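Working through the structure, step by step
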Amino acid sequence: MTLSAANGGVLLAIVIMALVTYLTRAGGVFVMARVPIGPRVERFINAMAGSVLVAVITPMAVHGDGGARMALVATAGVMLVLRKPLPAIAAGILTAALWRLVAS
């Protein structure tokens, strides 16, 4: 399926993505409302959060440029020291921006 950028194709793509996102979230709530949350399910949910994070970060670490790698190092370092995600994210963004500014 090809959507043209003219004639509202971009808007249609955005609406479709929003609908799919909503249905995914609503479906998750619907399914989890019927699953008893025991220790086993809780361990599964906690493990999934970490595995999704690793799945997002690993390709950046392997195939990313120096700015991406340095941002990962800065983010991990600040997170280990401060244990607060917002300063860690800010450090990663700032590191990547400075790396790319100096490299260009």
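Throughout, a residue's number is its position along its own chain's written sequence, starting from 1. Totals for whole chains, interfaces and linings use all residues, but because this is a predicted model, local features are given only for residues with pLDDT of at least 70 and pairs of side-chain atoms are given and counted only at 80 or more. Water and hydrogen atoms play no part in the side-chain values, which are based on all heavy atoms of the structure.

1. Remarks on the UniProt feature "transmembrane region" (unreviewed entry) in the chain
UniProt positions are given in the numbering used here, feature names are shortened, and annotations may be inferred rather than shown by experiment. What UniProt calls "transmembrane region" (unreviewed entry) maps, in this numbering, to residues 6-23, 44-62 and 82-102. Only DSSP runs of H or I reaching four residues or more are called helices, and only runs of E reaching two or more are called strands; each is numbered from the N terminus. Secondary structure across residues 44-62 divides into 100% helix and 0% strand, with the first and last C-alpha atoms of the span separated by 27 Å.

2. A look at the environment of Ile57
Tracing the chain through its elements places Ile57 in helix 2 (residues 39-63). Ile57 gets classed as partly exposed once you look at its relative accessible area, which sits at 29%. Three exposure classes are used, based on accessible area relative to the maximum for each residue type with a 1.4 Å probe and protein chains only: buried under 20%, partly exposed in between, and exposed over 50%.

3. What about the packing of helix 2 against helix 3 (residues 66-82)?
Packing of helix 2 against helix 3 leaves a shortest axis separation of 8 Å and a crossing angle of 130°. In terms of their interaxial angle, helix 2 and helix 3 are classed as oblique. For helix 2 against helix 3, the interelement crossing comes out left-handed. Between helix 2 and helix 3, the residues in contact are Ile57, Met60, Ala61, Val62 and His63 and Ala68, Arg69 and Leu72, respectively. To get an axis, a line is fitted to the C-alpha atoms, and for a helix only the part in contact is used. The angle between two axes follows their N-to-C directions and goes from 0 to 180 degrees. Under this scheme an angle from 65 to 115 degrees is roughly perpendicular, one under 35 degrees roughly parallel, and one over 145 degrees roughly antiparallel; angles in between are oblique. Take the far helix as the reference: if the near one is turned anticlockwise from it by less than a right angle, the crossing is left-handed, and if turned clockwise, right-handed. Note on definitions: a residue-residue contact is assigned when non-hydrogen atoms from the two residues lie within 4.5 Å.

4. Here we look at helix 4 (residues 85-103)
What a helix should span is 1.5 Å times the count of its residues minus one. Here helix 4 contains 19 residues, and its C-alpha end-to-end distance of 27 Å stays within 8% of the 27 Å for a straight helix at 1.5 Å per residue. All of the buried residues along helix 4 are Ala88, Ala91, Gly92 and Ala96. Each buried residue of helix 4 sits inside an arc of 130° when the element is viewed along its axis, so together they form one side. Turned more than 90 degrees off the buried face of helix 4, the exposed positions are Leu86, Ile93, Leu94 and Leu101. Check the buried side of helix 4 and you find it contacts helix 3. Note: the arc covers the axis-to-C-beta directions of the helix.

5. A closer look at the confidence of the model for the chain
pLDDT expresses, on a scale from 0 to 100, how confident the predictor is about each individual residue. When pLDDT is averaged along the chain, the result is 89, and 94% of the positions lie at 70 or above. By mean pLDDT, the top-scoring element of the chain is helix 3 (95), and the lowest-scoring one is helix 2 (87).

6. Quick word on the packing of helix 3 against helix 4
Orientation of helix 3 relative to helix 4, taken along the N-to-C sense of each, is 155°, at an axis distance of 7 Å. Comparing their axes, helix 4 and helix 3 come out roughly antiparallel. When you trace helix 3 past helix 4, the crossing you get is right-handed. Listed contacts from helix 4 to Gly66, Gly67, Ala68, Met70, Ala71, Ala74, Thr75, Val78, Met79 and Leu82 of helix 3 are Pro85, Pro87, Ala88, Ile89, Ala91, Gly92, Thr95, Ala96, Trp99 and Arg100. Ten residue types, Ala, Val, Leu, Ile, Met, Phe, Trp, Tyr, Cys and Pro, are classed as nonpolar, four, Asp, Glu, Lys and Arg, as charged, and the remainder, Gly among them, as polar. Residue composition of the contact of helix 3 with helix 4, grouped by class: 14 nonpolar, five polar and one charged.

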